[in-house]
Each structure stands twice: as C-alpha cells, then as structure tokens.
Protein chains: 2
Amino acid sequence: MALKKKPVTGMRDILPDEMQVRNEVTRQIRETYERFGFTQIETPCVEHIENLTSRQGGDNEKLIFKILKRGEKLNLEGAESEADLVDSGLRYDLTVPLSRYYSNNKAALPSPFKALQMGNVWRADRPQKGRFRQFTQCDIDILGDATNMAEIELILATTTALGKICPGRAFTVRINDRRILRGMALHCGFAEEALDQVFITLDKMDKIGMDGVRAELLEDGHTAESVEQYVKLLSGVADDAAGVRALGDVLTDVLDPGVAAGLAEIMDTVTEVAETAFSLQFDPTLVRGMSYYTGTIFEVSMEGFGGSVAGGGRYDRMIGKFTGQDTPACGFSIGFERIITILMDEGGRTGGGSPKKAYLVEKNMDPVRFRQIVKQAMEERKAGTQVLLSQMNKNKKFQKEQLEKEGYTEFVEFYRESLKS
Amino acid sequence: MALKKKPVTGMRDILPDEMQVRNEVTRQIRETYERFGFTQIETPCVEHIENLTSRQGGDNEKLIFKILKRGEKLNLEGAESEADLVDSGLRYDLTVPLSRYYSNNKAALPSPFKALQMGNVWRADRPQKGRFRQFTQCDIDILGDATNMAEIELILATTTALGKICPGRAFTVRINDRRILRGMALHCGFAEEALDQVFITLDKMDKIGMDGVRAELLEDGHTAESVEQYVKLLSGVADDAAGVRALGDVLTDVLDPGVAAGLAEIMDTVTEVAETAFSLQFDPTLVRGMSYYTGTIFEVSMEGFGGSVAGGGRYDRMIGKFTGQDTPACGFSIGFERIITILMDEGGRTGGGSPKKAYLVEKNMDPVRFRQIVKQAMEERKAGTQVLLSQMNKNKKFQKEQLEKEGYTEFVEFYRESLKS
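Residues numbered from 1 in each chain as written. Chains lettered and ligands numbered in written order. Predicted model: local features only at pLDDT ≥ 70, side-chain atom pairs only at ≥ 80, totals over all residues. Heavy atoms only, no water.

K.L.:
What's the story with the relation of the copies chain B and chain A in this structure? I'm lost.
P.N.:
In this structure, two copies of a chain are linked by a rotation about an axis accompanied by a shift along it. Mapping chain B onto chain A is achieved by rotating through 180° and translating by 0.0 Å along the same axis, at an RMSD of 0.0 Å. What the superposition gives is, in effect, a two-fold axis relating one chain to the other. Taking C-alpha positions as the reference, the residue of chain B nearest the rotation axis is Ile67(B), at 2.2 Å. Most of the interface of chain B is mirrored in chain A, where 99% of its interface residues again form contacts. (Least-squares fit on C-alpha atoms with pLDDT ≥ 70 in both. Contact = heavy atoms within 4.5 Å.)

Laid out in structure tokens, this is it:
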C-alpha cells in the first residue's frame, strides 16, 4: 500500500519558522495569564461522545471527528447506527471538557478556580483558506465567581496578552449581555419563542447591515411595528457605559436593573485600569453563536483583520449539566491561529536572542580531531550558545544559505588535516 | 442524556501542580535541544490510516484509535469491514508522522534536518497503573545524516537534557546495533528466517535472565550447539568500546568491520565529551521492539526506576517508503510521562521564582474602591508580580490554606469601608 505524503484533509504540517512564532506567542500568553493568577491545566483530546453531543456546542456538534469503539471486537453486522460503533470523539472546543474537568476535580481545586488551557481542538469544517480541521485554542475561564470581577479580570488579562503579542495594533472589544439582548427584543414585542430566530438574523449584521436585518425580520413575518421599534432601539444606543445605563432605564419592563448597571460597571472599571490601549464598546447587536451563554458576551476584533481574534462570555448553567448544581462560569478564548496568521503575514518574528552558530565538518574527519570538534561544540553549548553540528554538504554555499534563513549568523568550517597542509 | 464526569477510559485530567512540573520540564528539554541546533516542528495528531498500518509500528498498530470517515453520509449498510468506515486514526508515535512530514516538506527544510517534536500520541493499551492511552512523547531526530555524527549528537543532547531534568540521579545508556545483533546470531549458526523469533526471546532477558533465554531457545528447537555458543558469546563481551572492537574481530565472517568500529567510535566520543556524568554500556542483548530500526539502537534506564526512560535508534529505510528513495534517519525519544512520574513521586517541583500574591476582596465592595483595587493589581502585575484577584470566601481560613498549597505566600485582604470604621 502506498504511503501518503500530504497531511490528512484540512490539517497541516507546521514548518520551523512558524513553529518559532507559535512558541513565542505561547510563552507570552502563558506568562501574562500566570501573572493574573490563572493556572494551567489539561484535559484529554478525546472526550465522551455523550458530552460532545449534549447540545451545548451548537453547530460544532455536527463537525465532530468520531472515534470507533475499542475493546471487544467491533460488531459491524449488529450495528444499526453510528451510535453502536462510536463512544468517543475529538473535542471541538475546550469549554465542554473544562466543565467536565471541574465537575470531576472540584474538591482538589481552589474556589474560585482560574483555569488556563492551551490545546488543540478538531472540527470537520469544509476545508478553506486559513481554516483548518485541527487548530489550537487558548482559553482562560473563571469558575465559581458570580460577580463582575470575573468579567473584569478576563477582559483585562486577554487585552494585556493581545497588547503584548501584537504591540502597536489597534483593537476593539465589543461587549453585550444575553439578557440585554433578550430584553431589547421582548421590549419591542417579539414573542419569546421567536427570539432564537430573531438573533440568528441579528447575527448577520456585519454581513447584511441594519437594512438587511430589517428586511429579513419583516420577511420572517414579524410585525412592522416591532421591527421598526427594534431597529430604532438598536441604532439609538450610545456604545459607552452611559449608553448601557440609559438602555437599562428603557428596559425596566423586561430586565432586572442590576444587569445594565453591572455591565456599565464592567466597562467603567476596564476603561479606567487597563494596561493596554484599546477601544471598549457596548454592541447591542453582538449575539455569539454558542447556545451555552447566559450573561455577558464579548468579542475582540483587530485592525486590518476581518472576523474576531478573541471571544467569550458567561455560561452559568453548563457545569450544572455535569454536577446537577449550577456553578457560575465565565471564559475568554483567544483565536490562536488567527493571531499566528496575522503575525506570519507580517513576516513572522525571530525567536530568542541567543546567538546561533553552525559547525560544518568535512566528511571522513579523523576521529581524534572529530572528538575535539564535538567537545568544543559541547563547551559552547554549555556556555549558552546554540551550536548546530552538521556534516558539510558538497554544495556548501547552498547549505550556508539555507542555514542563514534559519537564523544562523556564524559559520565555523572544519576540514581534514590533509587538505590544510 | 446524563453527562460523564470522568475522562474517557485510560486517559486523564492533569491537575495544576503536575501541569507546573510538565511545563518546567518541557521548557528545559526545549532549551537544551535548541542549543544543539534542533528545530521544533508539529504534525497533525490525526494521520492517514494507510500510514499508520504500514507495518512500521509493530504491535502499536493493533492499538490505533480509528476515526470515522467524514464527508458523504456514512454508509453503514454497505460497509463490509472497518476499512469501509475509517480513513484516519490518532498517531501512535511521532516517528511515522515525522517521516511523512519530511517527505512532504523536504524542499523547505535544511539538510541534514534536526527535528524536535513534543506532542501527544495515543495507544489503546489495556489501562494499568502509570500507563495511559494518551501520553506525551518528546523526540529528536536527525534526517539526512548517514554518519556517526547523528548518533553522537542524539546521545549527547538527550543525556544533557536528562541531566538537567533529573540532576543527581544516576542513569545508564545502553547501546547496540541491529547489524551486530543479527551478526552474533548468524555467527552462532541460527538460520536467517529464525532471527525474529530468537530476538523476541532475547528481548525477555531482563525478565527471564540468561538461563531463561537459553531454555526458551532450546525449547524452540534450536540446536544445543548454536544456543550454547550464543549464550557464551553474549555473556563474554566486555561492555565498553574495547569490547565492541573485540567482538567486531570475532564476527568478521558475518559483519562489515566498519559497523563495530563505528559503534566503538560513538562510545569513545560520547564518553570523552559528555557534559553529564552517566554510564555508557554496550549491551549485545538490547533488541528494541520496533521493526523499523536498521542500525544503532539505544535505551536509557534511570536509578530507582524500572523500565527505560528514553530510547531510540537508526531507521534508514522508513522515509524511503514515502519517497521511494531511502534517507538516513536516526532518533531518540524521551519517555516524557515516565520522567514526570519520577519527578511527581519526588514531590514535584516549584515553578518559576516570581512572587505570588493573592488579593482577597470582600463581597459587595463599593465600585469606586473596587476599581482602585483592580488598578493596584494591574500595576503589580505590570511590575512582574503574579497577583490573584479573588472574591473573599465565607470560609476565609480554608481559602487561604488552599491558596498556600498553590504557592501563594502573601495575602492582602480588602474589606468594605463600613466594616473598617
């Protein structure tokens, strides 16, 4: 059977120059998040199929890579459906496994628990440019804190990390609350049972604009009165904390006044204390797809890059699905691959500052002399220099050009004695 | 459907204290290997099923987690065997994917190529203590170098890394060559076609001893003359470079004299230049299971820990299965999980030296004061301190005890003004 050289469909090999950038970004993210008291953990890449298909993950549940049962011989003839063959799958995000992890290990973890996760997830999306079926996510979550402190810390930590990774690049954090989202629609007379559909339409705002949203809502049979009031309300809100407070006063019929006040307080605090400069905006049209969000939601977009580079929100009812008892939870995920794409488009970055030296050794070197060369390399390494010990190729010029691309700046060539004399 | 709290069978959640040790060991390994000029790369965790079942992986091929085909609706009724349902699986090692990677990306890589990989692999082994179905491997490989320089660099790099990770712990590197292994058996009169079986028996040496090996070989029907000569030869060889040279003189009828001389040269060089103190021994009974090895093989054992903590060897014919053209290749893999087990048994280790401080904030703090507290935390973080900002729990004493376990040494408590006055 012929072996295949290409990676499996939609996945990719990571080459050395990108790997260097990934390692450096990983280091910066981890260092920043640790400074905020987040603790790194890991869950298995393989998760129970029941947990992956519990309707927490929205459309992602259609994209699961499913794994054949192990153990007793697979009974193909008796299998009536996929469920008879499959008992696990590759995780499609880090939030569902984190909720399982917290449920499983709660007694051994501090409360509140501030978790940092960096790991691969898999989604069988249609392959397309810049989207891969295996990709790295980088999440922070605070479990067990029902107060605004969670949102404030998550936004401060994420924006501090982004500021360090992409210095000088302007970015915007948009924020909303699922309860305000619902409140605005209910206030305008949309029926409770129509809300999901209304938000699917609203979520297309960046593609079809307010006029498109209006047209689609009318097309779906909502009354012109509701639609016009909704459009007016959405368009009329100021995007700062004062706007949120004013909106709270409008929505008293449908919304606990603490919700708008809390969101405004988050915005005031973040604006006042953030280390990094960025724009923080209330966005009443922000929806975010995942069905598990219950409160605040946020998304970060970066100058010169379409789509979001980070997103998250509060999901107070997911852990309860494991434990039977709801636990407040809030998380923020950096789109690691998008950040890497931005940095690679900018020409990548060099790794650490230690000097890189290559020893090129002619073939068939005398053993005693060769040992001296290796010894010399070991001494330089011990002193902190990166030393590549390599055979000298026939085409030495090309070899050195290749190594220069890899960042080698110093070459030492060793020839057999016979040639020297 | 009830959600499951435990990880899937044989896999595990990694808790914060272990994660800290893993990160520190990862950092040390990466730093050491980079100093030797190894370049980190990554391949997808999912690999073509054809590549995983090409009889390169020995018994590991029986332990593959297989992934259901995606794309067109799965045709269960038309499926006659597993092969109709499956087109990929989780990688069981990092060597097969590396060979595919090199074949796919050769033009973009320096030659020789020194690769570093750190990643998870999956094997559906019977669950047992200390053995998991997902585990991390840490491999270095040199591709495109047919000379001894590859072995010397691999052994020096791996032993330097082990010396840094487990300082003060004695370890032994045992080395052999598949061609010497074959030569010794052929020299004693075993038939070519019996060799695989002979080596399966020899591989049990550490369990059944030389007497057990002798008995099993006789039982398998080999002549007493061959068996006695073999036992005598195996037992009589000195374990140093001189022993290897002497053995080379005995095996001239079956072995290229360059093989023993080369192995002795590797031993002489490593012994002379190694940074770390360890014992290097020629072991004519070392077999190593993988079928892909073609030359030198090596294994590291550590004081007070049964089994090997690292192993590797030369596999000059695997890349040819992808490209049609053989490429010299040699690799060394650190058993990352075993190292972590040793360190955790020793009580783990603390992470970096930066101070850890916890701010405990009483509930319902006045918003203006709360903002001052967050601001203060941000300033300390900017200056390099790790600051955990946390709600103060009702059971403050227990909370502080938990945080002390996490390494927090300083606590700052913030109360509402009303209580203070």
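K.L.:
Sorry if this is basic, but what is going on with the sheet that holds strand 1 (residues 39–40) of chain A here?
P.N.:
Strand pairing in a sheet is mediated by backbone hydrogen bonds. Such pairs are either parallel or antiparallel. All names here are of chain A. Strand order in the open sheet made by the eight strands is 1-5-6-11-10-9-7-8, with mixed pairing throughout. Each edge of the open sheet is held by one strand with a lone partner, namely strand 1 and strand 8 (279–282). Summarising the sheet, strand 1 and strand 5 (residues 113–122) pair through two bridges and their orientation is parallel. Directly across from glutamine 40, in strand 5, lies its bridge partner leucine 116. (Pairing = 2+ DSSP bridges. Helix = DSSP H or I, 4+ residues; strand = E, 2+ residues; numbered from the N terminus.)

K.L.:
What should I look at first to understand helix 14 (residues 396–405) of chain B in this one?
P.N.:
Every α-helix carries 3.6 residues per turn, so stepping three or four residues along brings you back to the same face. All names here are of chain B. Every buried residue of helix 14 is listed here: Gln399, Gln402 and Leu403. What you see down the axis of helix 14 is that its buried residues fit within an arc of 95°, all on one side. In helix 14, the exposed positions that point more than 90 degrees away from the buried face belong to Lys397 and Lys405. Where helix 14 is buried, its residues contact strand 12 (356–361), strand 13 (386–391) and strand 14 (410–414). Looking at the residues trailing helix 14, positive phi occurs at glycine 407, about 100°. (Buried < 20%, exposed > 50% of the residue type's maximum accessible area, 1.4 Å probe, protein only. Arc of directions from axis to C-beta.)

K.L.:
What is the right way to look at the interface of chain B and chain A in this model?
P.N.:
Interfaces are often described in size by the accessible area the parts lose on coming together. Opposite the 106 residues of chain B that make contact, chain A presents 106 residues. Taken together, the links from chain B to chain A amount to ten salt bridges. With its nearest N and O atoms 3.3 Å apart, the salt bridge here joins Lys4(A) to Glu50(B). For the pair chain B and chain A, the interface holds 49 residue pairs in polar contact (both at pLDDT 80 or more). With eight residues, helix 13 (residues 367–382) of chain B is the largest single contributor of residues to the side of chain B that touches chain A. Each residue belonging to the side of chain B that touches chain A can be placed in one class, and the counts come to 47 nonpolar, 28 polar and 31 charged. (Salt bridge = Lys/Arg side-chain N within 4 Å of Asp/Glu carboxyl O. Polar contact = N/O pair within 3.5 Å; in protein donor to acceptor, adjacent residues only side chain to side chain. Nonpolar A, V, L, I, M, F, W, Y, C, P; charged D, E, K, R; others polar.)

K.L.:
Sorry if this is basic, but what is going on with the sheet that holds strand 12 of chain B here?
P.N.:
All names here are of chain B. Ordered in space as 13-12-14, the three strands form an open sheet in which the pairing is parallel. Strands with a single pairing partner mark the edges of an open sheet, and in this sheet they are strand 13 and strand 14. Within this sheet the neighbouring strands show an average axis-to-axis angle of 20°, counted without direction. Pairing of strand 12 with strand 14 involves five bridges; the strand directions are parallel. Residue lysine 357 lies in a different strand from strand 14, and its bridge partner there is glutamate 410. The sheet contacts of helix 13 involve strand 12, strand 13 and strand 14, and relative to strand 12 the element is tilted by about 175°. (Axes fitted to C-alpha atoms, helices over the stretch in contact; angles between N-to-C directions.)

K.L.:
Is there a simple way to explain the side chain of Gln386(B) in this structure?
P.N.:
Examined against the element boundaries, Gln386(B) turns out to sit in strand 13. In terms of polar contacts, Gln386(B) uses its side chain to reach the side chain of Tyr408(B), at 3.3 Å. Every residue in contact with Gln386(B), bar those within four places of it in the chain, is listed here: Glu34(A), Arg35(A), Gly37(A), Ser354(B), Pro355(B), Lys356(B), Lys357(B) and Tyr408(B).

K.L.:
Can you walk me through unusual backbone geometry in this structure?
P.N.:
Backbone phi values are negative for most residues with the exception of glycine, while trans is the configuration of most peptide bonds. Residue and element names in this part refer to chain A. A cis amide bond links serine 111 to the next residue, proline 112, at an omega of -5°. Locating proline 112 in the fold gives a position in the loop between helix 3 (95–105) and strand 5. Unlike most non-glycine residues, asparagine 364 shows phi in positive territory, near 55°. Relative to the helices and strands, asparagine 364 resides in the loop between strand 12 (356–361) and helix 13 (367–382).

K.L.:
Sorry, what's going on with the confidence of the model for chain A here?
P.N.:
The predicted coordinates should not be examined in detail at positions where pLDDT is low. When pLDDT is averaged across chain A, the result is 91; 96% of the residues are at 70 or more. At the level of chain-chain contacts, confidence expressed as ipTM amounts to 0.90, with global pTM at 0.91. (pLDDT = per-residue confidence, 0-100.)

K.L.:
Looking at this structure, how should I read helix 7 (residues 205–219) of chain B?
P.N.:
Residue and element names in this part refer to chain B. Taking 1.5 Å as the rise per residue, helix 7 with 15 residues should run 21 Å; its terminal C-alpha atoms sit only 16 Å apart, a clear shortfall. At aspartate 211, helix 7 shows its largest kink, close to 75°. All buried positions along helix 7 are accounted for by Met205, Gly212, Val213, Glu216 and Leu217. Check the buried side of helix 7 and you find it contacts helix 6 (195–202) and helix 8 (224–236). (Expected span 1.5 Å × (residues − 1). Bend = angle between axes of the 7 residues up to and from the residue.)

K.L.:
What's the story with the packing of helix 6 of chain B against helix 7 of chain B in this structure? I'm lost.
P.N.:
Angle between the axes and distance between the axes: these two values describe a pair of packed helices. Residue and element names in this part refer to chain B. Their axes nearest at 8 Å, the elements helix 6 and helix 7 cross at an angle of 135°. Between helix 6 and helix 7, the crossing angle belongs to the class labelled oblique. Residues Val198, Thr201 and Leu202 of helix 6 form the contact with helix 7, whose own contacting residues are Met205, Ile208, Val213, Glu216 and Leu217. Residues that form the contact of helix 6 with helix 7 fall into these classes: six nonpolar, one polar and one charged. (Parallel < 35°, antiparallel > 145°, perpendicular 65-115°, else oblique.)

K.L.:
Sorry if this is basic, but what is going on with the pattern of salt bridges here?
P.N.:
Oppositely charged side chains are able to pair whenever their charged atoms sit close together. Going through the model one piece at a time under the given rule, you end up with 70 salt bridges over all chains. The salt bridge partner of Arg245(A) is Glu265(A), with a shortest N-O separation of 3.9 Å. With a gap of 20 residues between them, Arg245(A) in helix 9 (residues 241–250) and Glu265(A) in helix 10 (residues 257–273) connect regions that are remote in the sequence. For Glu265(A), a relative accessible area of 14% corresponds to the buried category. With a shortest N-O distance of 2.8 Å, Lys204(B) and Glu216(B) are connected by a salt bridge. Note that Lys204(B) is positioned in the loop between helix 6 and helix 7 and Glu216(B) in helix 7, a separation of twelve residues in sequence. Accessibility expressed as a relative area gives 18% for Glu216(B), which makes it buried. Via salt bridges that share partners, Arg245(A), Glu265(A), Asp268(A), Glu272(A) and Arg371(B) belong to a single interconnected network.

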